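Chain residues, written in single-letter form:
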Amino acid sequence: MRIFGGKFFTLITSAPLLIIAGCCGNNPVDQLLDFLKNEVITVIDEEPNDTTTGDECTGANDFSGCWIISQSNGEAGTIALSQLDCSISGTVSLDGKENGTISGKANGSLIDFTVTYIDGKKVAYSAMLNDDASSITSGKGISSDGKTFTWSASKGECQSVSVDGCWAVDQNNGHIGIITLQQNGSTITGTSGWTTHSNGPIKGSIEGTTLTFTITYPEGVTGYYSATISNDQLSLINGATKSSTGDQAQWNAKKTTCNIPNIKGCWAVDQDNGHVGILTLQQNGSSVTGTSRWTTHSNGPIKGSIEGTTLSFTISYPEGVIGYYTTTINSNATALVNGTTTSSTGDSAYWSAEKTTCPQQADCELKMDQYTLALYHLNEKNGTTLTDETGRWNGTLYGGVRVPGLCGNGLQFNSGEYATFDTIIPDAQPEGTVELSVMFDKDFDTAGAYSIFGNDGSRIQVIYKNGQLFFLKNHSNIHKYTNAGFTVVPGKWVTIAVTWGAKGMRIFIDKELVSANTDCTAYEVSPRTTLENIFYIGKKTWCCMDGIGISKALSFKGAIDEIRVSSIARY
């Protein structure tokens, strides 16, 4: 556009467009833009807002907002404009057409812009803003195929668009599935749940009624998606996608109910790096917790969530390593497919899992609950790892053999053989319980002294001595303990439980109270060294047992099974 005698000139007839559309074989859109810049067309007698010469712009009216557009070729819809100084950007959404992006300029009350569609086609637009800035009039347009039209638009309210929820997607290349979207303003995140191939996270945005996003797949492929949000916000229409490998498709989607799969139960896991085991999952809506039971390495608690058909969770191992897991839940929630995992140390693997019957827990097994600090069934068939069902305090075996236990397997120790379990009980624990089942050997020395369970500093200690069972707590030169007569029957399992708390220190044998005192103090860690807080089966140094007349190292001969440490007095 140019100024002659202080007047603006703009296009109001389409005849010159018909002429330039057929000349020289050039792109009609480019010709239109050049024509608008360099030629004088029929005069609209209007005072300019600011002085504009050539392509320079020193001021423009505000075109920002949403506009209801109507075209002489029958197309209608909305354009959403965003203006920065004289630059115009935005999106166009016409009924029955793909979405397009807008790029152009505003000079005074005049606007020129180009719409570029996903297939590369372009349409050029020009028009002017009326005096009260409520409508765009005298609009002209020309498409890249040379077709011309007139158009106008009225200012409308920018519709508040929401795509939160689940969408049933149908692509014309045969791929179907569910995408689950979460919206924060104009920002979109989510997950895909294809039933026909792998899945990935979604990231994108909304401009006007145009939704654009990417799906990043585990194979390294990225899918680029765009669609128009229907007026009733129940459909995504005119969708187009192109992948980073060049594949293209058209797609649509319908709003659907988000059905959160039920994955509660046990899953047999197989990783391509050789690790196998059982995941036991609990579900509360879309939140998931649970425990891992690998047969090949240590275990840990599970924490994660479900979005659509995508399950994501972490496993926190006692060594400080975290495993990050993602998988797709199949349509009937009987398999976890296309699983990937990476660890905080950089290891990675592919995995899958099938729903399985949970290993039956015998009535004789101790159960895990919210008060359980550590729980050991000791059912491992081999190896030196003793699995803590809570995933926090796996033990390490130093000698000993696996034998039939009170429930499943147990551990048989000779003198000098033991297991260690780290710290387990936190400092200043006001109450608690230690339970375990014990079977003494037939060559047991009734006049001897044996360490059954505890730590080196006698912060917690269960000891047999010459027909007495002792429970010591915080015994560092303080001599806090309770004891009871204890008749050993070699070869017979007996369950011992010791508790502390408001009712004092107490000993139970096969759930029967046999001894108690009035000491209600909390458990305290050693003030000397953290080594005194590590728990053992079958090992005790001579340290700090002068209160009960022992000043030598102790060991144990017999079998042990089912150990539970708790943060409450259970008896």
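Note: the structure precedes this text.
So, here's what we can say about the structure. None of the values given here were measured: they were computed from a predicted structure.

1. Let's talk about the state of the cysteines
Reasoning step 1: For the structure on display, the rule yields 1 disulfide.
Reasoning step 2: Note that Cys 266 is cross-linked by a disulfide to Cys 358, the S-S spacing being 2.0 Å. Judged by the sign of its S-S torsion, about 105°, the bond between Cys 266 and Cys 358 is right-handed. Residue Cys 266 is located in strand E19 (residues 265-271), and its partner Cys 358 is located in the loop between strand E26 (348-356) and strand E27 (372-376); the two are separated by 92 residues in the primary sequence.
Reasoning step 3: For Cys 266, a relative accessible area of 2% corresponds to the buried category.

2. Comments concerning the sheet that holds strand E11 (residues 165-171)
Reasoning step 1: Taken in spatial order, the 8 strands of this closed barrel run E11-E12-E13-E14-E15-E16-E17-E18, and their pairing is antiparallel. Sheet twist, expressed as the mean angle between neighbouring strand axes with direction ignored, is 30°.
Reasoning step 2: In the sheet, E11 pairs with strand E18 (residues 248-256) via 6 bridges, with the strands oriented antiparallel. Bridge pairing in E18 places Val 169 opposite Ala 253.

3. Remarks on the sheet that holds strand E25 (residues 335-343)
Reasoning step 1: Spatially, 8 strands are ordered E19-E20-E21-E22-E23-E24-E25-E26 in a closed barrel, and the strand pairing comes out antiparallel. Across this sheet, the average inter-strand angle for adjacent strands is 30°, counted without regard to direction.
Reasoning step 2: Relative to E25, strand E24 (residues 322-329) is paired through 6 bridges, and the arrangement is antiparallel. Paired with Thr 326 across the bridge in E25 is Thr 340.

4. Points about the pattern of salt bridges
Reasoning step 1: The final tally for this structure, using the stated rule, is 7 salt bridges.
Reasoning step 2: One salt bridge in this structure joins Asp 369 and Arg 570, with 2.8 Å as the shortest N-O distance. Placement of the pair is Asp 369 in the loop between E26 and E27 and Arg 570 in the segment after strand E42 (558-566), with a sequence separation of 201 residues.
Reasoning step 3: The partly exposed category is assigned to Arg 570, whose relative accessible area is 23%.
Reasoning step 4: Here Glu 532 makes a salt bridge to Arg 528, at a shortest N to O gap of 2.9 Å.
Reasoning step 5: Residue Glu 532 is classed as buried on the basis of its relative accessible area, which comes to 10%.
Reasoning step 6: The class for Arg 528 is partly exposed, based on a relative accessible area of 42%.
Reasoning step 7: Salt bridges linked by common partners bring Asp 369, Glu 435, Arg 564 and Arg 570 together as one network.

5. Digging into the nonpolar core
Reasoning step 1: In terms of nonpolar packing, the biggest core is built from 41 residues, with Phe 421, Ile 424, Ile 425, Val 438, Ile 452, Ile 560 and Ile 563 touching the most fellow members.
Reasoning step 2: When sequence neighbours within four positions are dropped, the list of residues in contact with Ile 560 reads Leu 378, Gly 410, Leu 411, Leu 436, Ser 437, Val 438, Ile 452, Trp 493 and Ile 537.
Reasoning step 3: The next biggest cluster of nonpolar side chains, apart from the first, holds 22 residues, and it includes Leu 81, Ile 111, Val 123 and Ala 127.

6. Things to note about unusual backbone geometry
Reasoning step 1: A positive phi angle, near 55°, is found at Asp 85, a position not held by glycine.
Reasoning step 2: Mapping Asp 85 onto the fold places it in the loop between strand E4 (76-84) and strand E5 (87-94).
Reasoning step 3: A positive phi is found at Ala 133, a non-glycine position, where the angle reads about 60°.
Reasoning step 4: Looking at where Ala 133 falls in the secondary structure, it is placed in the loop between strand E8 (122-129) and strand E9 (135-143).
Reasoning step 5: Accessibility expressed as a relative area gives 31% for Ala 133, which makes it partly exposed.

7. Observations regarding the packing of aromatic side chains
Reasoning step 1: This structure, assessed with the given rule, holds 26 aromatic pairs.
Reasoning step 2: Arranged with centres 5.6 Å apart and planes meeting at 70°, the rings of Tyr 225 and Trp 251 form a pair that is edge-to-face. Separated by 26 residues along the polypeptide, Tyr 225 in strand E16 (residues 222-229) and Trp 251 in strand E18 bring together distant segments of the chain. Of the two residues, Tyr 225 and Trp 251, neither departs from the other in class, the shared state being buried.
Reasoning step 3: Ring centres of Phe 440 and Tyr 464 lie 6.0 Å apart, and the angle between their planes is 55°; on these two criteria the pair is classed as tilted. Placement of Phe 440 in strand E33 (residues 432-440) and of Tyr 464 in strand E35 (residues 460-465) is noted, with a sequence separation of 24 residues between them.
Reasoning step 4: Through pairs of rings, three or more aromatic residues link up here, namely Phe 440, Phe 444, Tyr 450, Tyr 464, Phe 486 and Phe 556.
Reasoning step 5: The aromatic ring of Tyr 418 is capped on one face by Lys 539, whose charged end is 4.3 Å from the ring centroid.

8. A short note on the pairing of E16
A regular strand places its side chains on the two faces of the sheet in alternate fashion.
Reasoning step 1: Taken across its 8 residues, E16 has 7 buried, putting it largely inside the fold.
Reasoning step 2: In this structure, the hairpin formed by strand E15 (residues 210-216) and E16 is closed by a connection of 5 residues, where Gly 220 is found at a positive phi of approximately 95°.
Reasoning step 3: In this structure, E16 lies alongside strand E17 (residues 235-243), joined through 6 bridges in antiparallel fashion. Of the residues in E17, the one forming a bridge with Gly 223 is Ser 243.

9. Topic: the environment of Thr 396
Reasoning step 1: Within the secondary structure layout, Thr 396 lies in strand E29 (residues 395-398).
Reasoning step 2: For Thr 396, the residues in contact, after removing those within four places along its chain, are Thr 384, Tyr 418, Ala 419 and Thr 420.

10. Details of the pairing of E5
Reasoning step 1: Most of E5 sits inside the fold, with 6 of its 8 residues counted as buried.
Reasoning step 2: Here E4 pairs with E5 via 8 bridges, running antiparallel. Note that in E5 the partner of Ser 82 across the bridge is Ser 89.
Reasoning step 3: The turn linking E4 back onto E5 is made up of 2 residues, and Asp 85 within it adopts a positive phi angle of 55°.
Reasoning step 4: As judged from the 6 bridges shared by E5 and strand E6 (residues 100-107), these two strands associate in the antiparallel manner. For Thr 91, the partnering residue across the bridge sits in E6 and is Thr 101.

Criteria and thresholds
- Residues numbered from 1 in each chain as written.
- Predicted model: local features only at pLDDT ≥ 70, side-chain atom pairs only at ≥ 80, totals over all residues.
- Heavy atoms only, no water.
- Disulfide = S-S within 2.5 Å.
- Helix = DSSP H or I, 4+ residues; strand = E, 2+ residues; numbered from the N terminus.
- Buried < 20%, exposed > 50% of the residue type's maximum accessible area, 1.4 Å probe, protein only.
- Pairing = 2+ DSSP bridges.
- Axes fitted to C-alpha atoms, helices over the stretch in contact; angles between N-to-C directions.
- Salt bridge = Lys/Arg side-chain N within 4 Å of Asp/Glu carboxyl O.
- Core = buried A, V, L, I, M, F, W, Y, C linked by side-chain atoms within 4.5 Å.
- Contact = heavy atoms within 4.5 Å.
- Phe/Tyr/Trp six-rings, centres within 6.5 Å; stacked < 30°, edge-to-face > 60°.
- Lys NZ or Arg CZ within 6 Å of the ring centre and 35° of its normal.

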